[in-house]
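Close look at the chain arrangement
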Amino acid sequence: MSAETIERVETFIVSIPRDVPYLGALRAGESANERGYFVRKGNRTVYPRTDTSVLVKVTTKSGAVGWGETYGIVAPRAVAEIIDDLLGPLLIGRDPRDPVVLHEDQYDLMRVRGFFGGYYVDALAGVDIAVWDLAARLAGMPLVRLLGGMRHERIPAYVSGLPKPTLAERVALAQEWVAKGFDAVKFAAAVADDGEIAEMAALRAGLGAAPKIMVDLHWRYTALEAIKLIDRLNLHDLYFAEAACQPEDIDGQAHVAAAVRCSVALGEEWRTAFEYRPRFIRRCMDIIQPEMGHTGVTEFMKIGRMAETFHCRIIPHASIGIGVFQAASLHAAAALQNVPYHEYQHSIFDKNLRYVTGDMRCERGFFHLPGGVGHGVAPTDDVWKHVVKH
Ligand code: MG
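Structural notes, computed from the coordinates. (Residues numbered from 1 in each chain as written. Predicted model: local features only at pLDDT ≥ 70, side-chain atom pairs only at ≥ 80, totals over all residues. Heavy atoms only, no water.)

**Considerations on the coordination of the magnesium ion**
On the protein side, the magnesium ion has D216 (OD), E242 (OE) and E268 (OE) as donor atoms, found 2.0 to 2.1 Å from it. One chain supplies every donor to the magnesium ion, and in sequence these donors are spaced D-x25-E-x25-E. Taken together, the residues span a long stretch of sequence, with D216 in strand β8 (residues 212-216) and E242 in strand β9 (residues 238-242) at a distance of 26 residues. (Donors = N, O, S within 2.8 Å, 3.2 Å for Na, K, Ca; no water. Helix = DSSP H or I, 4+ residues; strand = E, 2+ residues; numbered from the N terminus.)

Below, the structure written as structure tokens:
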């Protein structure tokens, strides 16, 4: 057996405080409970008061280390336990230079029991990112090259979310980002207190004709409601409408995509190519938004290649994390064609950059991949004081 076999798999739950909650200050009637969770009335979704995440460390016999990260937004111990009890021990002795093989084997462990989504696949994603990082480090190359090659050396970033309490302040914030060299801004329906149409009109008036404006509709509408709304938003030149209908409504998604005259974007909540497949076939969207923290590298690449065969664009999603799955997402996106943008969660990314090593950054409208081997980042010493015992 080669010396490069996996000897140890460890998980770390991280909870980093933030001043302003994700998506902006809490609205009337919204407050955090004793677990630190609050529900946004605008999209009926639960969020943590801190930036919570689960890190995965995979170490080989010879001491080489790969880092992964996955969703720990709520109940992070569920993901950590799946890795600690099940996935990690079964990886001991395996060769990390076979990342796709390991991922397929781990996916198969629970598929007949119906675990092909949710926390189980989030756990797979965290492990998969760590194994790919390790494989690229052992090969002595950046992850992007192991994934097929450097298609993009930098990736345009769109500014996601305008976490300010009033519409006037949100317009001013969007103007600040455009002045800093960014040409695309997305607003969030869940916190558009004056309604999406007023938000869109004010942003277009404030930004002028050139910048792209997108909306995240947060799964709030029926298909027919969404079509009417998107048509009105598009009077102000909407670049894309995201997540119009509820995630289960494939018919509704297809209906919206066929009816409106601008792009529709979907996919942040799906984890595998199996979830994307029926939507590709039904032409439910022309932009997909794979989330590395849910998919891992193996599925992300499978989904991304599949998108190319359906002539869809890929604009990866970015979520709450310390930057490890963000780095993996940039490497995967850099290897794919048809990637006009990557989401830039500025209120998370910039604040948390101090928790990862390397030179990953987002400046003047572009993400720059972290240099070096693997995905190019690892936790800094600052992380350890935010690790929660489990
Ligand atoms: Mg979204």
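Further notes follow.
**Comments concerning the side chain of H375**
You can see H375 is positioned in the loop between β15 (366-368) and β16 (387-388). For H375, the side chain forms a polar contact with the main-chain oxygen of W67, separated by 2.6 Å. Residues contacting H375, with those up to four places away along its chain left out, are W67, I129, D133, L143, V324, A327, A328, H331 and P370. (Polar contact = N/O pair within 3.5 Å; in protein donor to acceptor, adjacent residues only side chain to side chain. Contact = heavy atoms within 4.5 Å.)

**Describing the packing of helix α2 (residues 99-108) against helix α3 (residues 118-139)**
Two quantities define a packed helix pair, namely the angle between the helix axes and the distance between the axes. Relative orientation of the contacting elements α2 and α3 amounts to 165°, with a least axis distance of 9 Å. With respect to α3, the axis of α2 lies roughly antiparallel. When the axes of α2 and α3 are compared, the crossing they make is right-handed. Between α2 and α3, the residues in contact are P99, V100, L102, H103, Q106 and Y107 and Y120, V121, L124, V127, D128, V131, W132 and A135, respectively. Across the contact of α2 with α3, the residue classes tally to eleven nonpolar, two polar and one charged. (Axes fitted to C-alpha atoms, helices over the stretch in contact; angles between N-to-C directions. Parallel < 35°, antiparallel > 145°, perpendicular 65-115°, else oblique. Left-handed = near helix turned anticlockwise from the far one by under 90°. Nonpolar A, V, L, I, M, F, W, Y, C, P; charged D, E, K, R; others polar.)

**Notes on the sheet that holds β16**
The strand order across the open sheet built from four strands is β5-β4-β1-β16, with neighbouring strands paired in antiparallel fashion. Pairing within the sheet leaves two strands with one partner each, and these edge strands are β5 (65-71) and β16. α3 contacts β4 (51-60) and β5 of the sheet and is inclined by roughly 155° relative to β5. (Pairing = 2+ DSSP bridges.)

**What to know about the layout of surface pockets**
Its boundaries defined by the atoms lining it, the largest pocket holds a volume of some 1000 Å³. Forming the boundary of the largest pocket are 43 residues, of which N43, T45, Y47, W219 and E268 lie nearest the centre. Among the secondary structure elements, those contributing two or more residues to the lining of the largest pocket are β3 (45-48), α3, β7 (184-188) and α12 (346-352). For the lining of the largest pocket, the class distribution of residues is 18 nonpolar, 14 polar and eleven charged. When we break the lining of the largest pocket down by domain, the ones giving at least three residues each are domain 1 (6-140) and domain 2 (146-374). If you trace the second largest pocket, you find 14 residues lining it, with R18, V20, P163, H346 and S347 closest to the centre. (1 Å grid on protein atoms, 1.4 Å probe; cavity = no way out; pocket = protein on both sides within 12 Å on 5 of 7 lines; lining within 4 Å. Points joined across faces, edges and corners; volume = space filled by probe spheres on them. Domains from an automatic or database assignment.)

**Side note on the packing of aromatic side chains**
A complete count under the given rule lists 21 aromatic pairs for this structure. Relative to F325, the ring of Y71 lies with its centre 6.3 Å away and its plane at 15°, an arrangement referred to as stacked. Pair noted here: Y71 is in strand β5 and F325 is in helix α11 (residues 324-334), with a separation of 254 residues, a long-range link. Residue classification places Y71 among the buried residues on the basis of a relative accessible area of 12%. Pairwise contacts between aromatic rings join W177, F182, Y344, F349 and F367 into one cluster. Stacked on the ring of F366, the Lys or Arg R154 has its end atom at 3.5 Å from the ring centre. (Phe/Tyr/Trp six-rings, centres within 6.5 Å; stacked < 30°, edge-to-face > 60°. Buried < 20%, exposed > 50% of the residue type's maximum accessible area, 1.4 Å probe, protein only. Lys NZ or Arg CZ within 6 Å of the ring centre and 35° of its normal.)

**Some words on the environment of V20**
Take V20: it is sitting in the loop between β1 (6-16) and β2 (37-40). Along the sequence, V20 and P163 sit 143 residues apart, while their C-alpha atoms lie 8.0 Å from each other. For V20, the contacting residues outside a window of four places in its chain are A25 and R49.

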